[in-house]
Structure formats: structure tokens, C-alpha cells
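Tertiary structure, described
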Amino acid sequence: MSAPNKKDKKELTIEQKINRRNFISFATFAVLAGGAFEGWRWLYKSPPEVRGVTAGAKKPLRKALNKTELIFRRFFSDNHLVKTYPKEMAAKYVRVNSDIGVEAKKKFDPSTWKLQVIKKGGEVLQISLQELMALPKTEIIYDFKCVEGWDQISHWGGVKFSDFIKHFKLDDYAKMDYVGMETPDKTYYVGIDTPSAMHPQTLLAYEVNEKLLPLEHGAPLRLIIPVKYGIKNLKRIGTLSFSNNRPRDYWAEQGYDYYSGL
Ligand SMILES: Nc1nc2c(c(=O)[nH]1)N[C@H]1C(S)=C(S)[C@@H](COP(=O)(O)O)O[C@H]1N2
Ligand SMILES: [Mo]
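Residues numbered from 1 in each chain as written. Chains lettered and ligands numbered in written order. Predicted model: local features only at pLDDT ≥ 70, side-chain atom pairs only at ≥ 80, totals over all residues. Heavy atoms only, no water.

**Notes on the overall build of the protein chain**
Convention followed: In this text, helices come from DSSP runs of H or I with a minimum length of four residues, and strands from runs of E with a minimum of two, each type numbered from the N-terminal end. Partly exposed residues are those whose accessible area sits between 20% and 50% of the maximum for their type, while under 20% is buried and over 50% is exposed, using a 1.4 Å probe and protein chains only. By the convention used here, residues are in contact when the closest approach between their heavy atoms is within 4.5 Å. Here the open area of atoms and residues is found with the Shrake-Rupley method and a 1.4 Å probe, where only the protein chains shown may cover a residue.
The number of helices and strands found in the protein chain is five helices and ten strands. Here the protein chain holds 262 residues, and the buried ones make up 40% of them. Of the contacts formed within the protein chain by residues at least 6 apart in sequence, a portion of 67% connects residues at least 24 apart. Approximately 15700 Å² of the protein chain is accessible, and the part contributed by carbon and sulfur atoms is 57%.

The structure is reproduced here in C-alpha cells:
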């Protein structure tokens, strides 16, 4: 049954229909836009992350990153190991990427260098390269990845960070949340969550391709942390400290992810 004769006053003319639709879509737009603006304002007004950690990223955004960090942490707590390769696959010429704090023009004498471990109450433990080399050596051949988009299988040797902690009786320090490392001139610095530092593949490295590190690769001692991107693999460690607050981090200050896990 059609209703051709049902044309009564209730029926809207085409024009009225269009007006009404326009009104509905405008009202919808206004409500959504208002919501978006409020959302933006909420984000804008929300407190920034502590300065020097994520370059003032808004806390709610930081929350999302912290969530991914939690997922990664759970993943690694299963003792996940980064893939390793046979020695023949390691690059003969290991790329030199960036040189903040290890610049060729900068005077640096590796023979007088000591690793400075900052302990509680300002006490500083000074450790020579010889002492570190006397500990069991661990080698790793893995795919080193830089956030700039390159990767390279490379071969490193040194002391497992966890062996170093045990040997120098720093176990109580390793219960803290973060490890901070800085170059001797303090121009490059990283913060590492302690579980990643204690990961069985993390090294305080003094060798590349079975030879002592050249200056441009961070002589006499650098961090090799395969569960993280290159930016966290600090070359030429000067000081090492422990804390429950995030230590300052050079690339996190430029807006990169603090955790920078793979
Ligand atoms: N002191 C210092 N360490 C550093 C850097 C730096 O500029 N200075 N660059 C980082 C980055 S971005 C990468 S990819 C690796 C590169 O290490 P490589 O030069 O030995 O290949 O070192 C990391 N460690
Ligand atoms: Mo990098």
C-alpha cells in the first residue's frame, strides 16, 4: 500500500528537509569540534613531563609511551635474548656514527682514564681498564640498530654489566630503577632502566672485532646494550651512577623515546 494521498501538513518540503539536515550536521560538527577543543585544551593544560627527560612532552602522551615500555619490560623479563650471528657475518669495517663527547679534535688520553662509579654520599669508586679486563670476557655478534635507519652486524667484547655489578659489589645499587652514564666531558649522556642494563647481553665493551676499541668507537670503554637502539650505546663512559629517578638523557631531551627499546 503506497500513500500517494497521504500528503498532509506534517510532511516537510524538500527545502525544509535540507535545512533540517544542515542543522543536524552543523550541530554534530559543533559538538564534535567542541569536544576536540576541550580534549586539546586538557592536553595543553596538563603538566609536562619533568624537564630534561622527554623535552616537556605532555604527561598523558608520555603515559602511552610508558604503556609500551611496560609491554617491553614484560617481554624482556622472560629473559628474551637478541638474535646473535656467527663471527664471519660481522662487518670488517664498523660504521662510526656520531661523535658527541668523543670528537677527534678533543684531547683525550685513554691511558689515564678510570671509570668513575658514583656511590652514595659522594664516594667515587675508580676502576681501571686493567681491572675490568681481568674479569671474564663476554663477546657478542648482533645486529646493531640506529634510529636513523641503518643497522649492521658487529662484533663486540667486554665485561657483562651484571658481572661488573657482582664483582664490584654494587648489587644494592642495581636495585635502583636507573643507571646513568655520561662521557668524561659530560656532553653525551644516557639513562638506562636497570633491568635492561642487567640483561645478560649488555656489555661494558672494550673491544670491537677482537681489538681494543679505537677512539671513535668509544675507547677505552663503551656501553653495548643490544636490547636498545644505538642512541643508548654510549661511547667513552666517564661516569656511572644509579638512581630511582630518570637520569638525564641526551636524545630523550630531543624528543626521542626515553626507553628506546627494540
Ligand atoms: N659519546 C657518544 N656516544 C654515542 C653517540 C655519540 O654521539 N656520542 N652516538 C650514539 C649513536 S646515535 C649511535 S648509532 C652509536 C654509534 O656507534 P658507532 O659509532 O660505534 O657505530 O653510538 C651512540 N653512542
Ligand atoms: Mo644512532
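So that's the structure; there's more coming.
**Let's talk about the pattern of salt bridges**
Using the following cut-off: The salt bridge criterion pairs a side-chain nitrogen of Lys or Arg with a carboxyl oxygen of Asp or Glu, the two atoms within 4 Å.
Counted under the stated rule, the structure contains ten salt bridges. Across the pair aspartate 185 and lysine 106 runs a salt bridge whose closest N-O atoms are separated by 2.3 Å. Here aspartate 185 is found in the loop between strand 5 (178–182) and strand 6 (189–193), whereas its partner lysine 106 is found in the loop between helix 2 (59–77) and strand 1 (115–118), with 79 residues between them in sequence. The class of aspartate 185 is partly exposed, set by a relative accessible area of 27%. The network of salt bridges with common partners includes Glu103, Lys106 and Asp185.

**Comments concerning the side chain of lysine 119**
The test is simple: The convention is simple: Lys and Arg are positive, Asp and Glu are negative, and His and the chain ends are not counted.
Within the secondary structure, lysine 119 is located in the loop between strand 1 and strand 2 (124–127). No salt bridge forms around the buried lysine 119; measuring N to O, its nearest opposite-charge neighbour glutamate 123 is 4.1 Å away. Leaving out residues up to four positions away in the same chain, lysine 119 has contacts with Leu125, Leu170 and Tyr173.

**Some thoughts on the side chain of threonine 239**
Position of threonine 239 relative to the elements: it lies in strand 10 (residues 239–243). By relative accessible area, threonine 239 is classed as buried at 14%. Leaving out residues up to four positions away in the same chain, threonine 239 has contacts with Gln116, Ile118, Gly180, Met181, Glu182 and Lys186.

**Some remarks on unusual backbone geometry**
Going from alanine 219 to proline 220, the amide bond is cis rather than trans, its omega being 0 degrees. Here proline 220 is to be found in the loop between strand 8 (211–212) and strand 9 (222–224).

**Brief notes about the pairing of strand 6**
Rules: Strand pairing requires that DSSP identify at least two bridges connecting the strands.
Most of strand 6 is tucked away, with five of its five residues classed as buried. Side chains of strand 6 alternate between two faces, with Tyr189, Gly191 and Asp193 and Val190 and Ile192 buried alike. Summarising the sheet, strand 5 and strand 6 pair through five bridges and their orientation is antiparallel. Across the sheet, valine 179 pairs through a bridge with isoleucine 192, a residue of strand 6.

**Quick look at the packing of aromatic side chains**
Threshold: Pairing of aromatic rings covers Phe, Tyr and Trp, the last counted by its six-membered ring, and requires centre-to-centre distances within 6.5 Å; plane angles under 30 degrees mean stacked, over 60 mean edge-to-face, and any other angle means tilted. Our definition puts a charge over a ring when NZ of Lys or CZ of Arg is within 6 Å of the ring centre and also within 35 degrees of the ring normal.
Under the definition given, this model contains eleven aromatic pairs. Ring centres 5.6 Å apart and planes at 45 degrees place the aromatic pair phenylalanine 161 and phenylalanine 164 in the tilted group. Of this pair, phenylalanine 161 and phenylalanine 164 both sit in helix 4 (residues 161–167), separated by three residues, roughly a single helical turn. Residue classification places phenylalanine 164 among the buried residues on the basis of a relative accessible area of 0%. Note that lysine 228 overlies the ring of tyrosine 259, its terminal NZ or CZ placed 3.4 Å from the centroid.

**Considering the sheet that holds strand 5**
As a reminder, the rule being used: Only C-alpha atoms enter the line fits that serve as axes; for helices the fit covers just the stretch in contact. Angles between N-to-C directions range over 0 to 180 degrees.
Reading across the sheet, the five strands line up as 2-1-10-5-6 and stay open at both edges, with mixed pairing between neighbours. Both edges of this open sheet fall to strand 2 and strand 6, since each of them pairs with a single strand only. On average, each strand axis in the sheet is tilted by 20 degrees relative to the strand beside it, whichever way the strands run.

**Notes on the site of ligand 1**
Put simply, the test is: A single heavy atom is enough: if one lies within 4 Å of a molecule or strand, its residue is considered near that molecule or strand. What qualifies as a polar contact is a pair of N or O atoms within 3.5 Å, subject to a donor-acceptor requirement within protein and to the restriction that residues adjacent in sequence count only when both atoms come from side chains. Under the scheme applied, nonpolar residues are Ala, Val, Leu, Ile, Met, Phe, Trp, Tyr, Cys and Pro; charged residues are Asp, Glu, Lys and Arg; polar residues are all the others, including Gly.
Neighbouring ligand 1 are 19 residues; Arg95, Ser98, His217, Arg222 and Lys235 lie closest to it. Within the side chain of histidine 217, one N or O atom sits 2.7 Å away from an oxygen atom of ligand 1. Arginine 222 places a side-chain nitrogen or oxygen 2.7 Å from an oxygen atom of ligand 1. Here ligand 1 has 530 Å² of accessible area as a free molecule, and 98% of this is covered by the chains. Tallied by class, residues from the shell around ligand 1 come to nine nonpolar, six polar and four charged.

**Comments concerning the nonpolar core**
This is how the line gets drawn: For this analysis, a nonpolar core means a set of buried residues of the types Ala, Val, Leu, Ile, Met, Phe, Trp, Tyr and Cys, connected via side-chain atoms within 4.5 Å.
Residues Leu115, Trp156, Phe161, Phe164, Met181 and Phe242 are the most contacted members of the largest nonpolar core, which totals 47 residues. Of the residues forming this core, the biggest block, five residues, is contributed by strand 7 (residues 203–208).

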